[in-house]
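Descriptive structure summary
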Amino acid sequence: QVQLVESGGGLVQAGDSLRVSCAASGQTLSRYVTGWFRQAPGKEREFVAAISRDGGLMKYASFVKGRFTVSRNNAENTMHLEMNNLNPEDSGVYYCAADSRSMYAPVTAAAYDYWGQGTQVTVSS
């Protein structure tokens, strides 16, 4: 099975940019559809972005509004989320996830088999 480790979180100001990354080990990442979810205190985990195995299909949550870009590098077994124009509502723990069964890029957490431990993103106003 694949192990996922997120990195790149931190404290930024509103309007700043941040890039979070997910490194996979144990299995080649190209076997999985991958996605990003986030969870704020007191709220449920929500979908942020997903990308197909070959990187040709990306999906985003409506609140992204063109600010985030998901990408992957299968040769390096990594996935990234570039976040621009961050606002305080983007704060939360960001999780990467991998799905071994879906053909495309699911937006529901239940579709994903493997999860990282998360990286904290805090956006101050």
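Report follows, based on the coordinates.

For strand β9 (residues 92-99), the buried fraction is high: eight of the eight residues fall into the buried class. The sheet contact formed by strand β4 (residues 33-39) and β9 spans seven bridges and is antiparallel. Each residue of the ladder has a partner; that of W36, found in β9, is C96. Note that β9 and strand β11 (residues 119-124) share three bridges and pair antiparallel. Note on β11: the bridge partner recorded for V93 is Q120.

Counted under the stated rule, the structure contains one disulfide. Residue pairing for C22: its cysteine sulfur links by disulfide to C96, the two sulfurs lying 2.1 Å apart. Of note, the bridge from C22 to C96 carries an S-S torsion of about 55° and is right-handed in sense. Of this pair, C22 sits in strand β3 (residues 18-25) while C96 sits in strand β9, and the two are 74 residues apart along the sequence. For the pair C22 and C96, a shared accessibility class is recorded, and that class is buried.

What counts, and where the lines are drawn
Residues numbered from 1 in each chain as written. Predicted model: local features only at pLDDT ≥ 70, side-chain atom pairs only at ≥ 80, totals over all residues. Heavy atoms only, no water. Buried < 20%, exposed > 50% of the residue type's maximum accessible area, 1.4 Å probe, protein only. Helix = DSSP H or I, 4+ residues; strand = E, 2+ residues; numbered from the N terminus. Pairing = 2+ DSSP bridges. Disulfide = S-S within 2.5 Å.

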